[in-house]
Amino acid sequence: MPESPLLFTPGPLTTQLETRRAMLNDWGSREPAFIAMTAELRRRLLEVAGGRSSHVAIPLQGSGTFIVEAAIGTLVRPSDALLVLANGAYGERMIEIAKRLGRRVEALRWPENQAADPGRVERALADNPAITHVALVHCETTSGLINPLAEVAAVVAQQRRAFIVDAMSSFGALPLDLRATPITALLASSNKCLEGVPGIAFALIEKNAIELAKGVAPSLSLDLYDQWRGFESNGQWRFTPPVQVVAALLEALRDLEAEGGPAARLQRYRKNFRTLTEGMRRLGFRVFLDEGIQAPIIVTFVTPEDPRFCFDDLYAGLAARGFIIYPGKLTQAQSFRIGCIGALHAEDFDRLVAAVADVMADLGPAAAARVDTVRHVSCREDRSPRVSGSTAAASPSPSAIILAAGVGRRLGHAVPKVLLEFGGKSLLERHLTALHANNVRNVAVTVGHRPDLIRAELRRLGALDRVALIENPRYREGSVVSLAVQRARLAAGQPVLLMDGDVLYDGRMLARLLQAAPENVLLFDQAIEPGDEPVKICLHGEVIVDFDKVPERAHDRHGESVGFFRFSAGMATALAERATAYVEGGRAGAEYEAAIRDLILAHPDRFGYEDISDLPWTEIDFQADVVRARQEILPRLQEMVYA
Ligand SMILES: Cc1ncc(COP(=O)(O)O)c(C=O)c1O
């Protein structure tokens, strides 16, 4: 049998030989020996977190997501409301789970590089007495960020709400004591800091909370009340237990105790973390998170700018040397991750860093030099052909924001306009294809009216993981709110493409928008529909002097705005501030163009336009636009394909 590679991943991860050996047996599920193993497992799980007198341990067959889904389904009743504090993919997953279960859910979000703010949580709870449960991810494995668990727990307890904590990647290492920190349900799995093998997840639930949960879960297999009653009645698992996984986890828990408990394990992980980050920094890699919020569990490294750097090559080079690392999961920046957990020691990280240096040397000398800039396209994408006529952009690829929150009032409030189909493809599919073909991979959509339909379309397209959905609950107000809710992305320090969602257009427009020379660009069409509806770009010479449906300023000529823009990083930040000022200053009824107009009037020298009068496009506002789009525009479009 070939030797196992070392896994520098967030689980499954490298395990002790003894843990794997513990599985070399068969047990019947009703055997007294196995029932005793289950009892010891449940006792030890509680002991890790100091929960023996207050909580019960409920193991469940399956991966971590199963226990999150089971806990939300069992503890949050249809009449309750859950507030999820989200700053990464696992927070977003809890929101998705609650929605699928038909539970009422609200979200408080932070950017992926910011910890949850207990003050904001306190205000949200004070403002919204309907919230009954709060959920938080302790260590957001998406980035490696640690959220302030004790502080949030105190706020939630003081406001008398129930608290559900996804401690998947922290349980067993990061400090956590249920005697000191009020937590209703703590969720984790076998294959992270406990260093077991995958196959079991578990919840530690307050006794009085589980006692009240009879008949709440909409699922049979994921009903934690029934699962708990099963263990309490005869010591057995309700359905076929993963007997070998139980044996391995028990061995892993004994090993945790022998190591000195979570505090000693944390010390080892901290040493792993220091060895890794110091070594990678020496090689020129940059850690994504600020040190103050970084857990020593998994580290996100920013993908280097050097065009010769390629994650797939690094991955393959390391795998060939027996080291497995992990791709990134951020929506904000291209990245990759290296885990510090598992049966690994500082010497393993020394060897890993040496192997990274080795692979980087193979990739080219510059690839191993300083790498300070965030890069937004991966190597595989870089190598793919671009759309005709485009040249490689020198600056980092922008992120894109698509505005798709509106109700489509003039089309009869049916589906969001971005889901209208032309030639068998929704506008949303067309946007994503055009962005993809132009190497823009970091995409967020503002949703408001019927986000479920937009989510379903993304799922159909297999794009749910790649596209961030940002909700605008005030979508019936002015569109400036849809911009303001994107403030984190706008202010993330990178250029931004802003796109109206309800436009059918030739994909080459995006290439032109990306390549245009001005620092900040508007797309301009000389042909303009009559009347007050179109937004006009007004020129005096070549300078944009006004931008409005009914312009006020004197100008020589004007054209129609397509509703697509490219902003520099600095201007995008200014736009975030402007849009926020509108919303917070009582002008949430304004259209988003008003915020852009303010910036144009303040900095006319920093804006320019790209004339796309030669390319077909139309905005879809009225039924007549739909007809025109089908009959006139669609046949003239150059169809884009995934590059
Ligand atoms: C914080 C967190 N929550 C939930 C999960 C989901 O666990 P699983 O992939 O085992 O379903 C993970 C997995 O990495 C995680 O890190």
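These numbers were taken from a predicted model, which means no experiment stands behind them. Within each chain, residue numbers correspond to sequence positions counted from 1 in written order. With the structure being a predicted model, the display of local features is reserved for residues of pLDDT at least 70 and the display and counting of side-chain atom pairs for 80 or more, all residues being used for whole-chain, interface and lining totals.

Under the DSSP-based scheme used, a helix requires at least four consecutive residues in state H or I and a strand at least two consecutive residues in state E, with every element numbered from the N terminus. On a plain count of helices and strands, the protein comes out with 21 helices and 27 strands. On C-alpha atoms alone, the protein measures out to a radius of gyration of 27 Å, which is about the 26 Å that the 2.2 N^0.38 rule sets for 643 residues. When its C-alpha atoms are laid out on the principal axes, the protein stretches across 90 × 60 × 40 Å. Our exposure labels follow a C-beta count within 10 Å of each residue's own C-beta, placed from the backbone: buried means 20 or more other C-beta atoms, exposed means 12 or fewer, and partly exposed covers the counts in between. The proportion of buried residues among the 643 residues of the protein is 51%. For a compact globule the rule gives 2.2 Å times the number of residues to the power 0.38, and the radius of gyration it is set against comes from C-alpha atoms.

Every residue lining the ligand is accounted for by Pro10, Ser63, Gly64, Thr65, Val68, Tyr90, Val137, Thr141, Asp166, Met168, Ser169 and Ser189. Broken down by element, the shell around the ligand gets its largest block of residues, three residues, from helix α3 (residues 64-75). Any residue that is not Ala, Val, Leu, Ile, Met, Phe, Trp, Tyr, Cys, Pro, Asp, Glu, Lys or Arg is counted as polar, Gly included; the first ten are nonpolar and the last four charged. Residue classes in the shell around the ligand are distributed as five nonpolar, six polar and one charged. Residues are counted as near a molecule or strand when the C-beta atom, derived from backbone positions, lies within 6 Å of that molecule or strand.

Note on terminology: a nonpolar core is any set of buried Ala, Val, Leu, Ile, Met, Phe, Trp, Tyr and Cys residues joined through C-beta atoms within 7 Å. Among the nonpolar cores identified, the biggest contains 121 residues, and Ala71, Ile72, Leu186, Leu187, Phe202, Ala203 and Leu224 are the most heavily contacted of them. For this core, the leading source of residues is helix α9 (residues 243-259), giving nine residues. The residue makeup of this core includes at least three contributed by each of domain 1 (13-259) and domain 2 (261-363). Contacts here follow a simple rule: the backbone-placed C-beta atoms of the two residues must lie within 7 Å. Discounting chain neighbours no more than four positions away, the residues touching Phe202 are Leu45, Ala57, Ile58, Pro59, Leu60, Ile67 and Ala188. Residues Ala437, Val496, Tyr505 and Leu523 belong to the second largest nonpolar core, which totals 75 residues. Each domain's limits were defined by an automated method or a database of domain assignments.

Before going further, it helps to spend a moment on the sheet that holds strand β10 (residues 200-206). The sheet built from seven strands is open, its strands ordered β2-β10-β9-β8-β5-β3-β4 with mixed pairing. Pairing within the sheet leaves two strands with one partner each, and these edge strands are β2 (55-61) and β4 (104-109). Along the sheet, successive strands turn relative to each other by an average axial angle of 20°, direction set aside. A pair of strands is labelled paired if DSSP reports no fewer than 2 bridges between them. One ladder, built from five bridges, connects strand β9 (residues 185-189) with β10; its direction is antiparallel. What sits directly across from Ser189, in β10, is Ala201. Seen against the sheet, helix α2 (residues 32-48) touches β2 and β10 and runs at an angle of roughly 120° to β2. Sitting on the sheet, helix α5 (residues 118-127) touches β3 (81-86), β4 and β5 (133-137), and the angle it makes with β4 is about 145°. Axis definition: a line fit to C-alpha positions, over the contact stretch in the case of helices; interaxial angles, taken between N-to-C directions, run 0 to 180 degrees.

One can describe the packing of helix α11 (residues 311-320) onto helix α12 (residues 346-363) by two numbers: an axis separation of 9 Å at closest approach and a directional angle of 125°. As judged from the angle between their axes, α11 and α12 are oblique. Once α11 is placed against α12, the crossing between them reads as right-handed. Touching Asp313, Leu314, Gly317 and Leu318 of α11 are Ala355, Val356, Val359, Asp362 and Leu363, all from α12. Of the residues in the contact of α11 with α12, the class split is six nonpolar, one polar and two charged. The cut-offs work like this: below 35 degrees is roughly parallel, past 145 is roughly antiparallel, 65 to 115 is roughly perpendicular, and the gaps in between are oblique. Here is the rule for handedness: rotate from the far helix to the near one, and if that takes an anticlockwise turn smaller than a right angle the crossing is left-handed, while a clockwise turn gives right-handed.

Let us now look at unusual backbone geometry. With an omega dihedral of 0°, the bond running from Gly11 to Pro12 counts as a cis peptide bond. Despite not being glycine, Glu195 shows a phi value in the positive range, around 65°. Along the polypeptide, Glu195 turns up in the loop between β9 and β10. Glu195 gets classed as buried once you count the C-beta atoms within 10 Å, which come to 28. The backbone phi angle of Arg450 is positive, close to 50°, even though this residue is not glycine. Mapping Arg450 onto the fold places it in the loop between β18 (443-447) and α15 (451-460). Here Arg450 falls in the partly exposed class, since 19 other C-beta atoms lie within 10 Å of it.

Where helix α10 (residues 261-282) contacts α12, the axes come no closer than 8 Å and their chain directions differ by 20°. Between α10 and α12, the angle falls in the class roughly parallel. Every pair of crossing elements has a handedness; the one defined by α10 and α12 is right-handed. Between α10 and α12, the contacting residues are Lys271, Asn272, Thr275, Leu276, Gly279 and Met280 on the first element and Ala346, Phe349, Asp350, Val353 and Val356 on the second. Here the residues of the contact of α10 with α12 sort into six nonpolar, three polar and two charged.

A separate point is the domain arrangement of the protein. By a widely used convention, the size of an interface equals the accessible area lost when the partners come together. If you check the domain split of the protein, you get domain 1 (13-259), domain 2 (261-363) and domain 3 (399-639). Distance from the C-alpha centre of domain 2 to the C-alpha centre of domain 3: 38 Å.

Our next topic: the sheet that holds strand β14 (residues 335-339). Strand order in the open sheet formed by three strands is β11-β14-β13, and the pairing between neighbours is antiparallel. Where the open sheet ends on each side, the last strands, each with one partner, are β11 (298-302) and β13 (326-327). Bridge count between β13 and β14: two bridges; the pairing is antiparallel. Residue Pro327 lies in a different strand from β14, and its bridge partner there is Phe336.

Moving on, we get to the confidence of the model for the protein. Fine structural detail should not be taken from predicted coordinates in areas where pLDDT scores are low. pLDDT expresses, on a scale from 0 to 100, how confident the predictor is about each individual residue. Overall, the predicted model of the protein reaches an average pLDDT of 91, with 94% of residues at or above 70. Per-residue pLDDT stays below 50 along residues 368-394; that stretch engages in 64 contacts with residues further than four places along the chain or on separate chains.

A few words on the pairing of β18. Among the five residues in β18, five count as buried, and that is most of the element. Burial along β18 is two-sided: Val443, Val445 and Val447 and Ala444 and Thr446, pointing in opposite directions, are all buried. As paired strands, β18 and strand β19 (residues 467-471) are joined by five bridges and run parallel to one another. For Val445, the partnering residue across the bridge sits in β19 and is Leu469.

Quick look at helix α14 (residues 427-437) now. Most of α14 sits out of view: nine of its eleven residues are buried. For α14, the full list of buried residues reads Leu427, Leu428, Arg430, His431, Leu432, Ala434, Leu435, His436 and Ala437. Note on α14: the residue one or two positions beyond its end, Asn439, has a positive phi of about 65°.

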